[in-house]
Each structure stands twice: as structure tokens, then as C-alpha cells.
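Below, each chain spelled out in residue letters.
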Amino acid sequence: MTQPFVPAKRTIMTPGPVEAEPRVLRAMSTPILGQFDPLFTSMMNDVMADLRRVFQTSNHWAFPIDGTSRSGLEAVLCSIIHPGDKVLVPVFGRFGQLLTEIAERYGAEVFTMECEWGTVFEPAEVIDEIERIQPHIVAAVHGETSTGCLQPLQEIGRCCREMGSLFVVDAVASLGGTDVKVDEWYVDAAIAGTQKCLSVPSGMAPITYNERVEQVVNARKKVEQGIATAEDELEKRKQPPIASNYFDLSQLQDYWSPRRLNHHTEATTMLYGLQEGLRIVLEEGLEERFRRHRFHEQALKVGLQAMGLSLYADHDAKLPMVTCVTIPDNVDADAIRHLMLEQFGVEIAASFGPLKGKIWRIGTMGYSCRRENVLFTLSALEAALLSHHVPIYAGHAVQKALEVYQRNTEGVQES
């Protein structure tokens, strides 16, 4: 007989997943309800309302896709891309490349523009490409965790609205940690994830979209055989149906509307967790939550620099919840990470593509964004570097970070 799995205690300081809120875990351990139980459908409505507040939108449609963050990206893109549609993707890291990959698989004619990893685009650069290509869809990443950068969106969104392009935004890393103003930034569809700043286990992708997207989706609506009514069968589609059944937003709308037309079996406990995670975000308040993330980011940065380490992409477009550290010359980057994990139980992340082996990425997201986590991470990193005889300023990092915490002149709630 196999022994029960008991996970080790970890301090997770990656850019996702992060430590789950204890309240979320408690909510997820409560009894199962049937997916059409009035108590459960009432909770579905509450989740939609809370998502609107967190996305800062008045959109009617705001609900989670059952699956990881990528499922939300795919649901939105497959539901609005027609084969041959022009899709423009500004790529400044790994997840812009993912948007490209998904769009290509659904038959789009994809146009990309790229800038050096560790930088972002000037909005005017993207606007010039929109005007030149006149795409049906512009798909952009907001917070790029592979590089620790945050792309300004409002001017791009305004241009998309004026040009008639749909603006789709990957807000997986940013929702709940920094401003995501869906309506103010002219975002037509936004996709998030549970496992980052919302501090819920991975397994759902909250999305929201407006009437412009809904119009495209409804033109392709097909209710699947076996549950379609005679009235559904009489409906004449204006466009070919959406290629995916599972990710078909037109069917998911019926599931999340008063019709409650069966599409899949809802991930009940995940929705419990999402509801509690959203409640925690809204109890804290969006502005206070964003201020907390910036505050702990500052303490971490000060500590790293006091150690003698260089920050990567530390500029005005830095993503507040991800701090990238340039790996010193002749240092075995993975050995440092492994020592931190094995001896301290602290996990930080490597990176991808052209940055693989060049930077470490430290996340300060959601419930992981706490004073004790920042101080412990600095201690573990310093000890690991000293163990590998890396020349650093020993004993400085924690002290400098402590000074930030002891000042705390703004009275930020630290956890």
C-alpha cells in the first residue's frame, strides 16, 4: 500500500504558482453541491459580480473557464478567430509567443512585432503596426512574467477601438496585483489566472469580454446535439461554428446565464476557491492591494541591491510583482536555486528562451507577498551564494529590507 502524499512546507516565491490563501484552502474543503443546485447557481452569479469588480468592468460576461490560464486564452481566441483573420501580436517575452502559437493553430494570419526581452513597446510603435496591418484582432500580454515587464495598454486599446480591431489582453500575471482597467483601457476581452495574484490554486481562468466580442461569438453559435431544443435547431448561424467544443464561449454563455444549459460539469471546489479568493481581494481593496505589492517589491529590491546583485529590467515598465535578478558571472544558477529549495524550502524561478541561465525571477504575488517571505528569501539567497563562494556583501540584504519595513510611512498592511 502506498503512503499518503504529504507535501513539504515551502515558501513559494516564483511568478506562479504562489502560496494559496488559507481561507481559500478551507473553502475548497467544504462539501460538494450539485452544479444546478440553487445555492450553487446563486454563487455562480456572485462570482460573476465579483469578477466584474476586480476586472474593473461593467461587462455582462465575466466568468471562469475550467482549466489553467492557457484555457482562458484559448477559449477567447478560438471563439473569435476565423481562419484567415489577421491577428497582430506584440511579442516582448515568452507569453506573447504563446498567443502567437494559439492564434496560428486556429488558422489566423499572424503578424508579430518584437522588441528586446526586458523592454516593452512604446504604444506608438504598436499603433503604427495596427494602422499598417489593420488586423481583426490585437492580442497582447499585459504583465510578462518571463521578463518582469508591464506593457502600457490604454493608448493601444483606444487605437483598436477606433480602427475596429478587437483588443484581447493576457492579464494572467497582473489581475489582483496591479491595475487592470478593462473598460478604461478599451480592452474587449481579458484573461486571467487563479494561481498568481489571486492566490487560488491553478485550475481556472477568469475571463471577461464585452458586447463587441459577444457579437462575434453569437454569430458562430451552435448548441451541441443531444441538448439542443427544437428552437435551437431553427437558429441560423451567420458564421461557421467555433472549432472547439470545450472552449466554445457561445455554449459557455448559456451555461453561465439563467438558461443554465448543461455544457460540462463545473469544477465545484475550484469555484468555491475562486469565490473566496475574490472576496479576499475585494475586502482588502484594490488600491490597498496594489500598494502592498509595490511596497514588498521595494523591500525585496533594496535587499537584493544591498547584497551587491544587479536587477534586470528595473525601469518604469517593471512588473511590480516580479523582480528579475541578473545571475552573477560564473555562477551555477540552478545549483543556487536547488540549495535554496532543499535547505530552506524557498523556491524562486529560472527563466526561458534568451534569458535562460541569465536571470532568476522572484515573485511577490498575492499571499506570497508578505514581509516574512521577502526576508526569508533574501536570507536563503544570501546563504546559497555564500555557500558557492560568490562574492557578495554579506549581512546587508536583510538589514536594508528591514529598514524599508520599519519605515513603512504609508502604513501599508503588510500581509
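Numbering of residues begins from 1 in every chain and follows the order in which that chain's sequence is written. Residues qualify for local features only when their pLDDT is at least 70, as the model is predicted, and side-chain atom pairs are given and counted only at 80 or more; totals for whole chains, interfaces and linings, by contrast, use all residues. Side-chain measures here rest on the full set of heavy atoms in the structure, leaving out hydrogens and waters.

A. Broad picture of the UniProt feature "domain: Aminotransferase class V" (unreviewed entry) in the chain. What UniProt calls "domain: Aminotransferase class V" (unreviewed entry) maps, in this numbering, to residues 40-350. Here a strand is any run of E in DSSP of at least two residues, a helix any run of H or I of at least four, and the numbering for each starts at the N terminus. Structurally, residues 40-350 is divided into 42% helix and 16% strand, and its ends, taken at the C-alpha atoms, are 40 Å apart. UniProt positions are given in the numbering used here, feature names are shortened, and annotations may be inferred rather than shown by experiment.

B. Representation of the sheet that holds strand 12 (residues 322-326) within the structure. Any two strands between which DSSP finds at least two bridges are classified as paired. Across the sheet, which stays open at both edges, the three strands sit in the order 11-12-14 with antiparallel pairing between neighbours. The open sheet has two edge strands, strand 11 (311-312) and strand 14 (359-363), and neither has a second partner. Both strand 12 and strand 14 contribute to a ladder of five bridges, which runs antiparallel. Along strand 14, the bridge assignment pairs Thr323 with Ile362. We call two residues contacting when some pair of their heavy atoms lies within 4.5 Å. Lines are fitted to the C-alpha atoms to define the axes, a helix being fitted only along its stretch in contact, and any angle between axes, read from their N-to-C directions, falls within 0 to 180 degrees. Packing of helix 11 (residues 286-306) onto the sheet brings it into contact with strand 11, strand 12 and strand 14, and relative to strand 12 it is tilted by some 10°.

C. Geometry of the side chain of Glu382. Here Glu382 is to be found in helix 13 (residues 371-387). Classification of residues uses two cut-offs on accessible area relative to the type maximum, computed with a 1.4 Å probe and protein chains only: under 20% is buried, over 50% is exposed, and between them is partly exposed. The convention is simple: Lys and Arg are positive, Asp and Glu are negative, and His and the chain ends are not counted. By definition, a salt bridge exists where a carboxyl oxygen of Asp or Glu is found within 4 Å of a side-chain nitrogen of Lys or Arg. Buried within the structure, Glu382 lacks any salt-bridge partner; Lys400 is the closest side chain of opposite charge, at an N-O distance of 13 Å. What Glu382 contacts, discounting residues up to four positions off in sequence, is Met307, Ile392, Tyr393, Ala394, Gly395, His396 and Ala397.

D. Fine view of the sheet that holds strand 4 (residues 109-114). With mixed pairing, seven strands are arranged side by side in an open sheet as 2-10-9-8-5-3-4. Looking at the sheet topology across the chains shown, the edges are occupied by strand 2 (61-66) and strand 4. Direction aside, the axes of adjacent strands within the sheet are offset by 20° on average. With five bridges joining them, strand 5 (residues 137-141) and strand 8 (residues 166-170) adopt parallel strand pairing. If you follow Ala139 over to strand 8, its bridge partner there is Val168. Lying on the sheet, helix 7 (residues 211-218) is in contact with strand 2, strand 8, strand 9 (189-191) and strand 10 (204-209); it crosses strand 8 at an angle near 105°.

E. Broad picture of the pairing of strand 3 (residues 86-91). Burial within strand 3 is extensive, with five of its six residues counted as buried. The pairing of strand 3 with strand 4 spans six bridges and is classified as parallel. Within the sheet, the bridge partner assigned to Leu88 lies in strand 4 and is Phe111. Convention used here: a crossover is right-handed provided that the path from the first strand, over the helix, to the second strand proceeds clockwise when the strands point away from the viewer. Crossover connection from strand 3 via helix 4 (residues 94-105) to parallel strand 4: handedness right-handed.

F. Representation of empty space enclosed by the protein. For cavity detection a 1 Å grid was placed over the protein atoms alone, and a set of points counts as a cavity when a 1.4 Å probe fits there but cannot get out; an open set counts as a pocket when protein lies on both sides within 12 Å along at least five of seven lines, with lining residues being those that have an atom within 4 Å of a point. Grid points are joined across faces, edges and corners, and a volume is the space filled by probe spheres set on the points. Applying the stated criterion across every chain yields a total of one cavity of 30 Å³ or more. Computed from the structure, the largest cavity encloses a volume of approximately 40 Å³. Residue contributions to the lining of the largest cavity peak at three residues, all from strand 2. Looking at side-chain class alone, the lining of the largest cavity contains four nonpolar, two polar and one charged residues. In this classification, the charged set is Asp, Glu, Lys and Arg, the nonpolar set is Ala, Val, Leu, Ile, Met, Phe, Trp, Tyr, Cys and Pro, and all remaining amino acids, among them Gly, are polar.

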